[in-house]
Amino acid sequence: MTKRKSDLLAGLVSVLVAVVFMVQGFELTERSNTFPQVLEIFLIVTGIYLIARGIKTNAAEKGAEEVNDLHWLKPTVIVLATFIYVAGIVYIGFYVCTLVYLLLGSWYLNEKGFTLSALVFSSFFSIGITVVLYLTFTVFLKVPTPNGLFF
């Protein structure tokens, strides 16, 4: 799949997902729909950017060969890990599960391989994102998150 096609596809999917969630958000109250609307707008803007980039790169790829050797191992592992993550939230807890999921996922997907420096970077990344989620949901918005065995 060429870069142009993948950009167009990713942009279109982003916009469609955001629109579906936006329509579902009409059932929520204005206050509880604020954070989802921010995410939906972000998805739409990102999707439009990807679509524009895909259209722009059309001329640059006129002579490019299309690559059909898709690697399915990493996407399959991430999809399975996501199912385990979602199922584990109920038993382990949202924040602990999120921290472990982000740590292992970012370490697995990095370009350096399973090195110590990649593990350190993944640790800082996952801790930072988890802290931001905790501050956003628990401290500022006071939205309950699923509690499990740990937190």
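Participant: When you look at the overall build of the protein in this model, what are you seeing that I'm missing?
Facilitator: Each helix and strand counted, the protein has five helices and zero strands in total. For the protein, the succession of helices and strands along the chain, N to C, is α-α-α-α-α. Evaluated residue by residue, the protein yields a buried proportion of 21% over its 151 residues. Taking the contacts inside the protein whose residues are at least 6 apart along the sequence as the reference set, 71% of them involve residues at least 24 apart. For the protein, the accessible surface area stands at approximately 11000 Å², while carbon and sulfur atoms represent 75% of it.

Participant: I'm lost on the side chain of Ser 126 in this one. Help?
Facilitator: Secondary-structure assignment places Ser 126 in helix α5 (residues 116-140). If we ignore the near neighbours within four places in the chain, the residues touching Ser 126 are Leu 99, Leu 102 and Leu 103.

Participant: How should I be thinking about a nonpolar patch on the surface in this particular structure?
Facilitator: On the surface, a nonpolar cluster with roughly 650 Å² of combined accessible area is contributed by Ile 127, Val 131, Tyr 134, Leu 135, Val 139, Phe 140, Leu 141 and Val 143. With respect to the helices and strands, Tyr 134 occurs in helix α5. Judged by relative accessible area, which is 30%, Tyr 134 ranks as partly exposed.

Participant: Can you help me understand the packing of helix α4 (residues 94-109) against α5 in this one?
Facilitator: Two numbers describe a pair of packed helices, the interaxial angle and the distance between the axes. Direction vectors running N to C along α4 and α5 enclose 150°, while the axes themselves pass 8 Å from each other. One way to sum up the angle between α4 and α5 is to call them roughly antiparallel. Of the two possible hands of crossing, α4 and α5 adopt the one that is right-handed. Each residue belonging to the contact of α4 with α5 can be placed in one class, and the counts come to 14 nonpolar, seven polar and no charged.

Participant: Got a minute to help me understand the nonpolar core in this structure?
Facilitator: Membership of the largest hydrophobic core is limited to six residues, which are Tyr 85, Ile 89, Phe 94, Tyr 95, Cys 97 and Phe 137. Elements represented by at least two residues in this core include exactly α3 (73-92) and α4. Apart from residues no more than four positions distant in its own chain, Tyr 85 is found in contact with Phe 94, Cys 97, Thr 98 and Tyr 101.

Participant: Mind showing me how you'd approach the confidence of the model for the protein here?
Facilitator: Low pLDDT marks stretches whose predicted atomic positions should not be read closely. Of all residues in the protein, 89% attain a pLDDT of 70 or more, and the chain-wide mean is 83. No element of the protein has a lower mean pLDDT than helix α1 (residues 3-24), at 83, and none a higher one than α4, at 92.

Participant: Even after reading the chapter, I still don't get the packing of α1 against helix α2 (residues 34-56), so can you show me in this structure?
Facilitator: Between α1 and α2, whose axes approach to 7 Å, the crossing angle comes to 155°. Classified by the angle between their axes, α1 and α2 sit roughly antiparallel to one another. Considering only the axes of α1 and α2, their crossing is left-handed. Residue composition of the contact of α1 with α2, by class: 14 nonpolar, four polar and five charged.

What counts and what doesn't
Residues numbered from 1 in each chain as written. Predicted model: local features only at pLDDT ≥ 70, side-chain atom pairs only at ≥ 80, totals over all residues. Heavy atoms only, no water. Helix = DSSP H or I, 4+ residues; strand = E, 2+ residues; numbered from the N terminus. Buried < 20%, exposed > 50% of the residue type's maximum accessible area, 1.4 Å probe, protein only. Contact = heavy atoms within 4.5 Å. Areas by Shrake-Rupley, 256 points an atom, 1.4 Å probe, with all protein chains shown as cover. Patch = residues over 30% accessible without salt bridge, like charges linked within 9 Å, V, L, I, M, F, W, Y side chains within 5 Å. Salt bridge = Lys/Arg side-chain N within 4 Å of Asp/Glu carboxyl O. Axes fitted to C-alpha atoms, helices over the stretch in contact; angles between N-to-C directions. Parallel < 35°, antiparallel > 145°, perpendicular 65-115°, else oblique. Left-handed = near helix turned anticlockwise from the far one by under 90°. Nonpolar A, V, L, I, M, F, W, Y, C, P; charged D, E, K, R; others polar. Core = buried A, V, L, I, M, F, W, Y, C linked by side-chain atoms within 4.5 Å. pLDDT = per-residue confidence, 0-100.

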